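Close look at the chain arrangement
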Amino acid sequence: MAMNIVEKIFASHLTEGQIKEGAPLSLAVDQVYTQDATGTMTWLEFEAIGIERVKVPLAVSYVDHNMLQSDFMNADDHLFLQTAAAKFGAYFSKPGNGICHQVHLERFAAPGKIALGTDSHTPTQGGMGMIAIGVGGLEAATVMAGAALEINMPKVVKVNLIGSLKKPHVTAMDVILTLLKMLTVKGGVGKIFEYGGEGVKGLSITERATITNMGAELGATTSIFPSDGMTYKYLKAQGRERDWIELSADEGAYYAETIDLDLSSLEPMIACPHSPDNVKPIKELTGKKVHQVCIGSCTNSSYQAMKTVALILKGNVVAPEVSLMINPGSKQVYEMLSREGLIADMIAAGSRIMESSCGPCIGMGAAPGSGQVSVRSYNRNFKGRSGTKDAEIYLTNPVACALMAIKGFIVDPRNAHVDIPLVEEPEDFLISNALLLAPPESGSDLTIIRGPNIKEVPIKDPLSDIIEAEIILKTGDNVTTDDIMPAGSKILPLRSNIPAISDFVFRNLDESFAKRAAQLKERGGCIIIGGDNYGQGSSREHAALAPMYLGLQAVIAKSFARIHRSNLINFGILPLVFKDSSDYARVNQGDRLRIEGVKESLKGSQTFTIRVLGTESTFMALGNLNERERALILSGGLLQHTRQHR
Ligand code: MIC
Ligand code: SF4
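Let me begin by describing the structure that accompanies this report. (Residues numbered from 1 in each chain as written. Chains lettered and ligands numbered in written order. Predicted model: local features only at pLDDT ≥ 70, side-chain atom pairs only at ≥ 80, totals over all residues. Heavy atoms only, no water.)

A few words now on the packing of aromatic side chains. Going through the model one piece at a time under the given rule, you end up with 12 aromatic pairs. On the numbers, 5.4 Å between centres and 80 degrees between planes, the contact of Tyr 232 with Trp 244 is edge-to-face. Of this pair, Tyr 232 sits in helix H8 (residues 229–237) while Trp 244 sits in the loop between H8 and strand E12 (257–262), and the two are 12 residues apart along the sequence. For the pair Phe 578 and Phe 619, a centre-to-centre distance of 5.5 Å together with 35 degrees between the ring planes defines the contact as tilted. Taken together, the residues span a long stretch of sequence, with Phe 578 in strand E24 (residues 574–578) and Phe 619 in strand E27 (residues 618–622) at a distance of 41 residues. (Phe/Tyr/Trp six-rings, centres within 6.5 Å; stacked < 30°, edge-to-face > 60°. Helix = DSSP H or I, 4+ residues; strand = E, 2+ residues; numbered from the N terminus.)

When two helices pack together, their arrangement is captured by the angle between the axes and the distance separating the axes. Direction vectors running N to C along helix H9 (residues 303–313) and helix H10 (residues 331–339) enclose 35 degrees, while the axes themselves pass 10 Å from each other. Crossing of H9 over H10 shows right-handed handedness. Here H9 contributes Tyr 303, Met 306 and Lys 307 to the contact with H10, which in turn contributes Val 333, Met 336 and Leu 337. Partitioned by chemical class, the residues of the contact of H9 with H10 number five nonpolar, no polar and one charged. (Axes fitted to C-alpha atoms, helices over the stretch in contact; angles between N-to-C directions. Left-handed = near helix turned anticlockwise from the far one by under 90°. Contact = heavy atoms within 4.5 Å. Nonpolar A, V, L, I, M, F, W, Y, C, P; charged D, E, K, R; others polar.)

Now for empty space enclosed by the protein. Applying the stated rule across the entire model yields six cavities of 30 Å³ or more. In this structure, the largest cavity encloses a volume near 260 Å³. Lining the largest cavity are 21 residues, and of these Thr 171, Glu 207, Gln 304, Ala 305 and Thr 308 sit closest to its centre. Elements with a contribution of two residues or more to the lining of the largest cavity: helix H6 (172–183), helix H7 (205–213), H9 and helix H12 (398–407). The residue makeup of the lining of the largest cavity, split by class, is 10 nonpolar, eight polar and three charged. If you add up the space inside the second largest cavity, you get close to 220 Å³. His 65, Asp 119, Ile 362, Arg 380 and Arg 385 are, among the 22 residues lining the second largest cavity, the residues nearest its centre. In terms of residue class, the lining of the second largest cavity is built from seven nonpolar, 10 polar and five charged. (1 Å grid on protein atoms, 1.4 Å probe; cavity = no way out; pocket = protein on both sides within 12 Å on 5 of 7 lines; lining within 4 Å. Points joined across faces, edges and corners; volume = space filled by probe spheres on them.)

Now for the site of ligand 2. The environment of ligand 2 is formed by His 65, His 101, Asp 119, His 121, Ser 297, Cys 298, Cys 358, Cys 361, Ile 362, Asn 379 and Arg 385. Under a 2 Å grid-point criterion requiring more than half of the atoms, the pocket assigned to ligand 2 is the second largest cavity. For the shell around ligand 2, the class distribution of residues is four nonpolar, five polar and two charged. (Near = heavy atom within 4 Å. Sits in = over half its atoms within 2 Å of the grid points.)

Neighbouring residues of ligand 1: 14 residues in total, closest Asp 119, Ser 120, Arg 385, Ser 539 and Arg 540. Between ligand 1 and the protein, one listed contact pairs an oxygen atom with a side-chain N or O atom of His 65 at 2.8 Å. Within the side chain of Arg 385, an N or O atom sits 2.8 Å from an oxygen atom of ligand 1. Surface burial for ligand 1 is 97%, taken as the share of its 330 Å² of free accessible area covered by protein chains. Class assignment for the residues of the shell around ligand 1 results in two nonpolar, seven polar and five charged. (Polar contact = N/O pair within 3.5 Å; in protein donor to acceptor, adjacent residues only side chain to side chain. Areas by Shrake-Rupley, 256 points an atom, 1.4 Å probe, with all protein chains shown as cover.)

Over the atoms, a rolling probe the size of a water molecule traces out where space has been left empty. By volume, the largest pocket amounts to about 700 Å³. Along its surface, the largest pocket is lined by 31 residues, and Asn 152, Arg 562, Arg 565, Ser 566 and Glu 629 are the ones closest to its centre. Residue assignment for the lining of the largest pocket shows that the elements contributing at least two residues are strand E8 (149–152), helix H17 (562–570), E24 and helix H19 (627–635). Here the element with the most residues in the lining of the largest pocket is H17; it accounts for six residues. Within the lining of the largest pocket, the residues separate by chemical class into 13 nonpolar, 10 polar and eight charged.

The next subject is H10. Those residues of H10 lying buried are Lys 331, Gln 332, Val 333, Glu 335, Met 336 and Leu 337. Those residues of H10 hidden inside the fold are in contact with helix H4 (100–107), H9 and helix H11 (342–348). Just downstream of H10, Gly 341 is the residue with a positive phi angle, here 80 degrees. (Buried < 20%, exposed > 50% of the residue type's maximum accessible area, 1.4 Å probe, protein only.)

A few words on the side chain of Glu 470. Looking at the element boundaries, Glu 470 is found in strand E21 (residues 467–474). Once residues within four sequence positions are removed from consideration, Glu 470 is found in contact with Leu 520, Arg 523, Gly 525, Cys 526, Ile 527, Gly 590, Asp 591 and Arg 592.

The strand order across the open sheet built from four strands is E11-E10-E9-E12, with neighbouring strands paired in parallel fashion. Each edge of the sheet is formed by a strand with only one pairing partner; in this case those strands are strand E11 (222–224) and E12. The sheet shows a mean angle of 20 degrees between the axes of neighbouring strands, taken without regard to direction. Of the strand pairs in this sheet, strand E9 (residues 155–162) and E12 are connected by six bridges, and their pairing is parallel. The residue bridging Ile 162 from the neighbouring strand is Asp 262, located in E12. On the sheet, helix H1 (residues 5–13) packs against E9, strand E10 (191–196) and E11 and is oriented at approximately 115 degrees with respect to E10. (Pairing = 2+ DSSP bridges.)

A few words on the pattern of salt bridges. The final tally for this structure, using the stated rule, is 30 salt bridges. One salt bridge in this structure joins Lys 8 and Asp 250, with 2.8 Å as the shortest N-O distance. You can see Lys 8 sitting in helix H1 and its partner Asp 250 sitting in the loop between H8 and E12, a full 242 residues away along the chain. Take Lys 8: its relative accessible area is 23%, and that puts it in the partly exposed class. Asp 532 is the salt-bridge partner of Lys 186, the closest N and O atoms lying 3.7 Å from each other. Of the two residues, Lys 186 is situated in the loop between H6 and E10 and Asp 532 in the loop between strand E22 (526–530) and helix H16 (542–549); the sequence distance between them amounts to 346 residues. (Salt bridge = Lys/Arg side-chain N within 4 Å of Asp/Glu carboxyl O.)

With respect to the helices and strands, the residue Gln 31 is situated in strand E3 (residues 31–34). Classification of Gln 31 as buried rests on a relative accessible area of 6%. Once you skip the residues sitting within four places of it in the chain, Gln 31 turns out to touch Leu 58, His 104, Phe 108, Ala 109, Ile 114, Ala 115, Leu 116 and Met 130.

Strand pairs in the sheet, formed through backbone hydrogen bonds, run parallel or antiparallel to each other. Pairing is mixed in the open sheet, where six strands are placed in the order E7-E6-E3-E4-E5-E20. Pairing within the sheet leaves two strands with one partner each, and these edge strands are strand E7 (131–134) and strand E20 (436–437). Sheet topology places strand E4 (residues 58–62) next to strand E5 (residues 91–93); three bridges connect them, and they run parallel. If you follow Ser 61 over to E5, its bridge partner there is Phe 92. Strand contacts of helix H2 (residues 36–49): E3 and E4, with the helix running at about 115 degrees to E3, the strand carrying the most contacts.

Structure (structure tokens):
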């Protein structure tokens, strides 16, 4: 039977179930990686499961998010992660080695394999022809402890690339921004985007990785490219040609949908505040004053992109009122640029070079000034994420970013009157594993070192049969996990301390949330009403774990984003959807809701009748949980379930 690439990889990893759209299936996982901000919890959870060594062929623990060390907390977490990796058998990528997705692409990604990462941009590895999926920490911990990945088979959408990009003015970033404009931040929910067509050939692996990285912004489960000669070339340049296999879709393979995209028709695009799908052609914004430019992140940190930026900056000077921040995504790229004198060109032009970390992307320093315009080669521009609530964040390609830094205003690269070189990926990368520590043979004699800010994983009370709780908050559509559990330099260091981080739940939308939740806790806890695509964005399980700690019982929404829905289930919180979405308008913040026979409904029809207390009104909500998800909720969450079934 003719198969697409996704089906081929799934078939070679299938341990249970069927490869049939919507059907549950279990897959063996080859690689799992964590990053520090989600990783401390993941490794605490792994420890709580009680397994001595990871059971997956490869596990890597990266440090890239919590890199500002303004007190002991982040440094303590780094040491915890390093000692936990050694004990449990994972590689440890030291602070300074780079952003997890960029380093993983360089050192470990391999066509035909399956990887999980505790970060929503794990699909970056799809550029290498592998299935790479972002999951919550607990999900990753159970897989490292030997479980299979369990998902419902997504729809596979073919993106048929025709023609070739008008480089250097139009880049891979414009491909994904164009798709975001077409499909929006919920256009990919329940789908995997498989790229194909003639246009694939002209894209380097890192360009492909830019596209699959931002597939996360579409809400997609993941995105994937074929593995071809270009893949071989990149792997060879990384000294890893042995990892190469060819991978392409069979003639006549099935796709649920096909999208044709003519690369030669694309133009430079920019995402406007405050959503990555608020995309316009750059030419419509020309002339707008810019205060800050940030180049790098896991989206656009390749050697190819960074060298192009350096050569644009060479001999120029950053505009007087612009601050240009550059965070090269990996030590490899950083070191290569330095040895070639390109960092010197960046510095000479007035750039502020940062370490290889997430940095400004997650509000870890370099927050813009009040009301300022910041243009970034990054992937997310949610309100407040930069650290400055009223800043306006725009997302665009790195070439355009560099030009805007010089000009001081938004400019279409085609009309900037600046020479832009055409840069390729190198024949050989500089390979050094100085900051990548392999695990020792055995961890049994090793001790994990933990600082005072590292607290245990809280556990939810078992599910009760009657939920009677107050609606603490009613939100609109596309609420992000940054809204639910904000990040930034002040809050991120609390990621390993749930009681402390809980104070910040919904802080940017509703300052009194945590206080009110604490008051409601004795009265049955609270319920959140959400719109469409509730919980989009990051994989941070803290957006479920901290509200759970505050007493959240259920979220009733029009629809959910994939990772957040799983995280809610993993921590025993019921994710229900309105049977009739017009009922959303009939409930209000402050209403008390009562759901009876919760367990029966869960085991049976999964139709819940919800009474609005003090009125005659009732409405219906649906569980839509598969068998495994029901079992998890009934056990009180994934951790309890895993312990019970070990
Ligand atoms: C993000 O880009 O939002 C993050 C920070 O990388 C998150 C992970 C986290 O919150 O730690 C993600 O994308 O999953
Ligand atoms: Fe880091 Fe930003 Fe990438 Fe998230 S999106 S992994 S914060 S660089």
